[in-house]
Amino acid sequence: MFLGVTQVVTSLLCFTAAVQGLVPARRATVCNGHVELCNKGYGAVSYVGTHDSYAIQNGGGALGLADNQDQNITTQLNDGIRMLQVQAHLQDGVIRLCHTSCSLYDGGTFEDYLKTVLSILIVNIDNAPASTFASVYTGAGVDAVSYAPTTSPIQASAWPTLGSMIDSGKRLVTFMDNQADLTAVPYIIDGCRFIISFIQKNADHFVEFTNVWETAFDVVDATLFDCAVNRTKGDPTTQMYLINHFLDKTVFGQPVPDIDKANITNAASGAGSLEEQVETCTSANTRPPNFLLVDFYEFGGGSVFQVAANINGVTYAPTTPVATPVASSSPNTSNSNPVASTGTAQGSGALSTSPNIFRMEFMLVAAGVIFGTYAAI
């Protein structure tokens, strides 16, 4: 879908929590909202993530072609989102979160975003070296809470438990689809790419899909939500994996979110539902997916979280209902105009972009982010 663009996924799962003023809790008793998960390995738990978490409908107005969510990041986290996917572009030496192009949708700087959330999925579009991001992590104060493995790749069964990661204060996991270098930046792990439709140069120098594999994206027919391995560089039988469960439709020759069917796509049962794809993948791989990436997560009234709870063997019993959908329908295809907009948190790839734009898509996963112990700000 993107020409001349390289995406990086940092920790294809993203957990979120406030970064500022956090004092790591010791001897964790609640992990990701449930005591039962504290003794489970990071690679043995399933998390709901928001695709293009920062591509948020601007001010509750008309839904744009570049919008993938309509709730702000704090609300996403409060509702139970634990993986935030973002797309990072290098603009004049500053890493910004933009949707395909900063002229189409500019969501502000990556550093400001990191100061709000503790986990995020980043798409590294321009193949920038991992060291480019080190100063951003340091500036946002999240380098100290980032998990740094001693080796990579890591089999899904070899990750530490959520409880131990929380106790150690290392609650953020970051994966990058290319240019990761543990010797330079030990907490940016080679992982997988979220969206790739671009001309890639020097591919033999990239380390991609070694820790997480993923299913196909830009699906425009709900019957095509399968569990075939779409991208991997390693052994998919031992890797963690992510399913791209967001339905698109074609507008101006490009895939854009099909919000009109979001209630069905996000459902906990039925044809084309998230639950159906999870069942397909669990049957095909003898284990469920680790990351469930969705658009407009609140459509379905919490159904996406119910699916994750079913996988994890816990009860989904929120103390407050999830947010009410803001967007009600897709943009009018006859007069929609993908005009540039700005916001506080926005997203990844709907329209083709210049080969000169550098984007990074990472997935930062806050390992065992304990909602209930930490509150998002």
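See the structure shown above.
### Some details on the overall build of the chain
Helix and strand content of the chain: seven helices and 15 strands. Counting all 377 residues of the chain, 59% fall into the buried class. Surface accessibility of the chain: about 13300 Å² in total, with carbon and sulfur atoms responsible for 51%.

### Quick word on the environment of G313
Looking at the secondary structure, you find G313 in the loop between helix 7 (303–312) and strand 14 (341–342). On the accessibility criterion, G313 (61% relative accessible area) is exposed. Each C-alpha atom, one on G313 and one on E36, is 8.5 Å from the other, the two residues being 277 residues apart in sequence.

### Points about the packing of helix 6 (residues 274–285) against helix 7
Packed helix pairs are characterised by how far apart their axes lie and by the angle those axes make with each other. Axis separation between helix 6 and helix 7 bottoms out at 9 Å; the angle between their running directions is 25°. As the angle between them shows, helix 6 and helix 7 are arranged roughly parallel. The hand of the helix 6/helix 7 crossing is right-handed. Side by side, helix 6 and helix 7 meet where L274, E275 and V278 of the first sit next to V304, V307, N310 and I311 of the second. By residue class, the composition of the contact of helix 6 with helix 7 is five nonpolar, one polar and one charged.

What counts and what doesn't
- Residues numbered from 1 in each chain as written.
- Predicted model: local features only at pLDDT ≥ 70, side-chain atom pairs only at ≥ 80, totals over all residues.
- Heavy atoms only, no water.
- Helix = DSSP H or I, 4+ residues; strand = E, 2+ residues; numbered from the N terminus.
- Buried < 20%, exposed > 50% of the residue type's maximum accessible area, 1.4 Å probe, protein only.
- Areas by Shrake-Rupley, 256 points an atom, 1.4 Å probe, with all protein chains shown as cover.
- Axes fitted to C-alpha atoms, helices over the stretch in contact; angles between N-to-C directions.
- Parallel < 35°, antiparallel > 145°, perpendicular 65-115°, else oblique.
- Left-handed = near helix turned anticlockwise from the far one by under 90°.
- Contact = heavy atoms within 4.5 Å.
- Nonpolar A, V, L, I, M, F, W, Y, C, P; charged D, E, K, R; others polar.

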